Amino acid sequence: MNVQFRPEPAASTSVKTAIADCDIHPARATATELYPFLAKRWHAHLETYGKQAYQGMMEGPPYPKAQPNASRRDAYPPEGGKQGSSLSFMQQQLLDPYNVALGVLNPLDTGQGLRNHDLSAALATAINDWQIEKWTSKDSRLKGSIVVGNEDGPTAAAEIRKRAGDPNFVQVLLLSRNVEPLGQRRYWPIYEAAQEIGLPVGVHAFGFGGNPITASGWPSFYIEEMVGHSQCQQTALASLVLEGVFERYPKLKMVMIEAGFGWAPSLSWRLDKNFERLRSEVPHLKRRPSEYIRDHIWWTTQPMEDPERREHLFEVIQWIGWDKLLFATDYPHWDFDEPSRVLPPGVSDANKQAFYLDNAKKLYGII
């Protein structure tokens, strides 16, 4: 993929108004940057088996795009390294000019979903320690996401509980494509631990459970994968609702990240319609599916919906609720959303304040 990003100057309003960016992707500058946080046995393992040990077979991404080209061309740090790997350049290019008061880190390329559960757990712990050492301890605006080896529920739950009360972290991070849909019981220990320590669970697009990214096979083009993120998250959300996750964990909060939100009403309507006819199959559900979705789900805005008629966007947001949207840029990726150009005209000051900052601060417990 060879996408040219042409950076726009920050608008004056974005400088004056503090915002929360709920999807920032930090990267590692070198292949060995995690070594100080990993036992030496894993150094040898990674050097022996290479990238396939933690990225290829069971993590993805399934579409063979080159990672450097998935990010903005202007995001290469002047000191070298991958886009998103320099805190000072992130401050210069994102945090300072856009007055980011809260930035939520969502690391990718972390070994989540590996079949080698011991390696996955070791990498998750290392990524979490790395987030503190390189990012959150150096800039108080940044907060981390607890990465877990999500195919091993008990070990993932232990990692979550290990981080309980740590102010460096504001959520648990999962991916949308897994071995099974996210409502399955193998993942319940993760939700139990997240509810126990009072953190929301973020479900980010990507991941790879070994299956095609569509229900009918492999697509031909990267654009199909991009559109397919919403399909995967619809599957994940339907599973979470219908398997009774929110009935079992009534205080659990979840964030659907980087897969849009325009599909939320139609999915909810279809679930409700079928629930009226098939509710005997799921007697563990005490309410309509749409009610669980409204109460338990938040949505990041990148990629922001862009209908031809702005009233259609407002109708969707009205159904979701202005209090459930979290602004995100997806920095440093190529489809970065510039803050001042996301919302169309006609949004009240109160809704702008909630959208850009207050919703995130409330959800993540930032005073």
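See the structure printed just above.
Residues numbered from 1 in each chain as written. Predicted model: local features only at pLDDT ≥ 70, side-chain atom pairs only at ≥ 80, totals over all residues. Heavy atoms only, no water.

Peer 1: Got a minute to help me understand the overall build of the chain in this structure?
Peer 2: The helix and strand tally for the chain stands at 12 helices and eight strands. The C-alpha radius of gyration of the chain comes to 20 Å, within 12% of the 21 Å expected for a compact globule of 367 residues. Summarising its shape, the C-alpha atoms of the chain cover approximately 55 × 50 × 45 Å along the three principal directions. Burial statistics for the chain: of 367 residues in total, 55% are counted as buried. Accessible surface, the chain: about 16,200 Å² in total, of which carbon and sulfur atoms supply 51%. Placing the 39 positive and 43 negative side-chain charges of the chain at their respective mean positions leaves the two points 2 Å apart. (Helix = DSSP H or I, 4+ residues; strand = E, 2+ residues; numbered from the N terminus. Rg over C-alpha atoms; globule rule 2.2 N^0.38 Å. Buried < 20%, exposed > 50% of the residue type's maximum accessible area, 1.4 Å probe, protein only. Areas by Shrake-Rupley, 256 points an atom, 1.4 Å probe, with all protein chains shown as cover. Lys, Arg positive; Asp, Glu negative; His and termini not counted. Charge placed at Lys NZ, Arg CZ, Asp CG, Glu CD.)

Peer 1: Quick question: what am I supposed to make of the pairing of strand β4 (residues 169–177) here?
Peer 2: Looking down a regular strand, the side chains alternate between one sheet face and the other. The element β4 is extensively covered by neighbouring structure, given that nine of its nine residues are classed as buried. Bridge analysis of strand β3 (residues 142–147) against β4 gives four bridges, and the strand direction is parallel. Counted as the bridge partner of Val147 is Leu173 from β4. In this view, the connection linking β3 to its parallel neighbour β4 by way of helix α5 (residues 153–162) has right-handed handedness. (Pairing = 2+ DSSP bridges. Right-handed = clockwise from strand over helix to strand, strands pointing away.)

Peer 1: What exactly am I supposed to notice about the packing of aromatic side chains here?
Peer 2: Counted under the stated rule, the structure contains 11 aromatic pairs. A centroid spacing of 6.3 Å and a plane angle of 80° characterise the contact between Tyr331 and Phe336, whose relative ring orientation is edge-to-face. Taken together, the ring pairs in this structure connect Phe314, Trp322, Phe327, Phe355 and Tyr356 into an aromatic cluster. Between Arg72 and the ring centre of Phe336, over which it is positioned, the NZ or CZ distance is 4.6 Å. Across from the ring centre of Trp319, 4.1 Å away, lies the NZ or CZ of Arg294, which sits over that ring. (Phe/Tyr/Trp six-rings, centres within 6.5 Å; stacked < 30°, edge-to-face > 60°. Lys NZ or Arg CZ within 6 Å of the ring centre and 35° of its normal.)

Peer 1: Is there a simple way to explain the nonpolar core in this structure?
Peer 2: Soluble, globular proteins show a tendency: their nonpolar side chains are buried together. If you look at the biggest cluster of nonpolar residues, it comprises 100 residues, and the most contacted ones within it are Tyr191, Trp299 and Tyr364. Examining the composition of this core, we find that nine residues originate from one element, helix α4 (residues 117–136), more than from any other. Residue contacts for Trp299: discarding those within four places in its chain leaves Leu237, Met256, Gly260, Phe261, Trp263, Ala264, Ile293, Ile320, Lys324, Leu325 and Leu326. (Core = buried A, V, L, I, M, F, W, Y, C linked by side-chain atoms within 4.5 Å. Contact = heavy atoms within 4.5 Å.)

Peer 1: Explanation requested: the packing of helix α9 (residues 264–278) against helix α10 (residues 289–296) in the structure shown.
Peer 2: Relative orientation of the contacting elements α9 and α10 amounts to 145°, with a least axis distance of 7 Å. Residues Ser268, Leu271, Asp272 and Phe275 of α9 form the contact with α10, whose participating residues are Pro289, Ser290 and Ile293. Class assignment of the residues belonging to the contact of α9 with α10 gives a composition of four nonpolar, two polar and one charged. (Axes fitted to C-alpha atoms, helices over the stretch in contact; angles between N-to-C directions. Nonpolar A, V, L, I, M, F, W, Y, C, P; charged D, E, K, R; others polar.)

Peer 1: How should I be thinking about a nonpolar patch on the surface in this particular structure?
Peer 2: A contiguous nonpolar surface patch, about 330 Å² in accessible area, is contributed by Phe221, Ile223 and Val227. Its location among the elements puts Phe221 in the loop between β5 (201–207) and α7 (222–242). Take Phe221: its relative accessible area is 53%, and that puts it in the exposed class. (Patch = residues over 30% accessible without salt bridge, like charges linked within 9 Å, V, L, I, M, F, W, Y side chains within 5 Å. Salt bridge = Lys/Arg side-chain N within 4 Å of Asp/Glu carboxyl O.)

Peer 1: Before we go on, may I ask you to explain helix α11 (residues 310–320) in this structure?
Peer 2: An α-helical turn contains 3.6 residues, so a residue and the one three or four places further along point in the same direction. For α11, the set of buried residues is Leu313, Val316, Ile317, Trp319 and Ile320. Along the long axis of α11, the arc covered by the buried residues comes to 160°, so they all point the same way. With respect to the buried face of α11, the exposed residues turned more than 90 degrees away are Glu315 and Gln318. Packed against the buried residues of α11 are α9, α10, β7 (297–300) and β8 (325–326). Positive phi appears at Gly321, one or two residues downstream of α11, with a value of about 110°. (Arc of directions from axis to C-beta.)

Peer 1: Whenever I open this one, the side chain of Asp272 confuses me. Can you help?
Peer 2: On the secondary structure map, Asp272 appears in helix α9. For Asp272, the side chain forms a polar contact with the side chain of Ser290, separated by 2.5 Å. Sequence-distant contacts of Asp272, defined by excluding residues within four places in its chain, comprise Arg288, Pro289 and Ser290. (Polar contact = N/O pair within 3.5 Å; in protein donor to acceptor, adjacent residues only side chain to side chain.)

Peer 1: So what exactly am I meant to see when it comes to the environment of Ile366 here?
Peer 2: If you trace the backbone, Ile366 turns up in the segment after α12 (349–364). Remark: the alpha-carbon pair of Ile366 and Tyr49, spanning 317 residues in sequence, is separated by 41 Å. Apart from the residues within four sequence positions on either side, Ile366 is in contact with Leu102, Lys143, Val170 and Lys361.

Peer 1: What should I look at first to understand the packing of helix α2 (residues 40–49) against α4 in this one?
Peer 2: The packing of two helices is summarised by the inter-axis angle and the distance between the axes. Interhelical geometry of α2 versus α4 gives an angle of 115° and a closest axis separation of 11 Å. Between α2 and α4, the interaxial angle falls into the category roughly perpendicular. α2 and α4 meet at a crossing whose hand is left-handed. Residues Trp42, His45 and Leu46 of α2 form the contact with α4, whose participating residues are Asp118, Leu119 and Ala122. Grouping the amino acids of the contact of α2 with α4 by side-chain chemistry returns four nonpolar, one polar and one charged. (Parallel < 35°, antiparallel > 145°, perpendicular 65-115°, else oblique. Left-handed = near helix turned anticlockwise from the far one by under 90°.)

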